[in-house]
Amino acid sequence: MPYDSNNIFAKILRGEIPCKKIYEDEFALAFHDIHPQAPVHILVIPKGPYISKDDFIATASDEEIAGYERGIGKVLQASGLMSEGYRLISNNGVNGGQEVPHYHVHILGGRELGPMLKQ
Ligand code: AMP
């Protein structure tokens, strides 16, 4: 399946629709999720056109992968979540429940998040 350049995060990256930006560098963009599931709910996306985690790690350059991971680190550092803890989630494909086909990580925190999966 090819990358769909009309997905909503691609539009955010092109500046065609707004986002509540938290952090941006050459490799990563972080913004608040429009439907927060916790007091803190941040999305971090790589700048390149990658569909999923497996696509990203198979096809992105080492520089992009390192840059994206460091970007997540900077967002975490700035979030104030470190002392009380947080959760990272990445939904991939149909069984993962992925809605937006541009690879992203959710950062969730600000309350006890309960079990990892819905029971
Ligand atoms: P996923 O199921 O992992 O693909 O999650 C996609 C996430 O993107 C959901 O949590 C949505 O609330 C969020 N989302 C969708 N559109 C926007 C938008 N325009 N700005 C911010 N977050 C969005």
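Provided above is the structure to which this section pertains.
What you see is a predicted model, and the numbers here were worked out from it, not measured in a lab.

Okay, the nonpolar core next. Judged by nonpolar contacts, the single largest core of 16 residues is most densely connected at Val 44, Tyr 68, Ile 72, Val 75 and Ile 107. Mapped by element, the contributors of at least two residues to this core are β2 (28-32), β3 (40-46), α3 (62-79) and β5 (105-109). With 4 residues, α3 is the single largest residue contributor to this core.

On to the layout of surface pockets. Roughly 1,100 Å³ of volume is contained in the largest pocket. Around the largest pocket, the lining is made up of 37 residues, and of these Asp 33, His 35, Gln 37, His 41 and His 106 lie nearest the centre. A breakdown of the residues in the lining of the largest pocket according to their chemical character gives 20 nonpolar, 11 polar and 6 charged.

By way of backbone hydrogen bonds, the strands of a sheet pair with one another, either parallel or antiparallel. The antiparallel open sheet is built from 5 strands, whose spatial order is β1-β2-β3-β5-β4. Of all strands in the sheet, those bounded by a partner on one side alone are β1 (21-24) and β4 (86-89). Adjacent strand axes in the sheet meet at a mean angle of 20 degrees, parallel and antiparallel pairs treated alike. Along the sheet, α3 makes contact with β1, β2, β3, β4 and β5, crossing β3 at roughly 160 degrees.

Summarising the element assignment, Gln 98 is placed in the loop between α4 (93-96) and β5. For Gln 98, the side chain forms a polar contact with the main-chain oxygen of Ile 51, separated by 2.9 Å. Within the local environment of Gln 98, its side chain forms a polar contact with the backbone oxygen of Val 100, the two atoms lying 2.9 Å apart.

Before going further, it helps to spend a moment on the packing of aromatic side chains. Within this structure, the stated rule accounts for 5 aromatic pairs. Their ring planes at 75 degrees and their centres at 5.5 Å tell us that Phe 9 and Phe 31 sit as a pair that is edge-to-face. Here Phe 9 is found in helix α1 (residues 8-13), whereas its partner Phe 31 is found in strand β2, with 22 residues between them in sequence. Per residue, the accessibility class of Phe 9 equals that of Phe 31, and both read buried. Each residue in the set Tyr 50, Phe 56, Tyr 68 and Tyr 103 is aromatic and connected to the rest through ring pairs, giving one cluster.

Conventions we followed
- Residues numbered from 1 in each chain as written.
- Predicted model: local features only at pLDDT ≥ 70, side-chain atom pairs only at ≥ 80, totals over all residues.
- Heavy atoms only, no water.
- Core = buried A, V, L, I, M, F, W, Y, C linked by side-chain atoms within 4.5 Å.
- Buried < 20%, exposed > 50% of the residue type's maximum accessible area, 1.4 Å probe, protein only.
- Helix = DSSP H or I, 4+ residues; strand = E, 2+ residues; numbered from the N terminus.
- 1 Å grid on protein atoms, 1.4 Å probe; cavity = no way out; pocket = protein on both sides within 12 Å on 5 of 7 lines; lining within 4 Å.
- Points joined across faces, edges and corners; volume = space filled by probe spheres on them.
- Nonpolar A, V, L, I, M, F, W, Y, C, P; charged D, E, K, R; others polar.
- Pairing = 2+ DSSP bridges.
- Axes fitted to C-alpha atoms, helices over the stretch in contact; angles between N-to-C directions.
- Contact = heavy atoms within 4.5 Å.
- Polar contact = N/O pair within 3.5 Å; in protein donor to acceptor, adjacent residues only side chain to side chain.
- Phe/Tyr/Trp six-rings, centres within 6.5 Å; stacked < 30°, edge-to-face > 60°.

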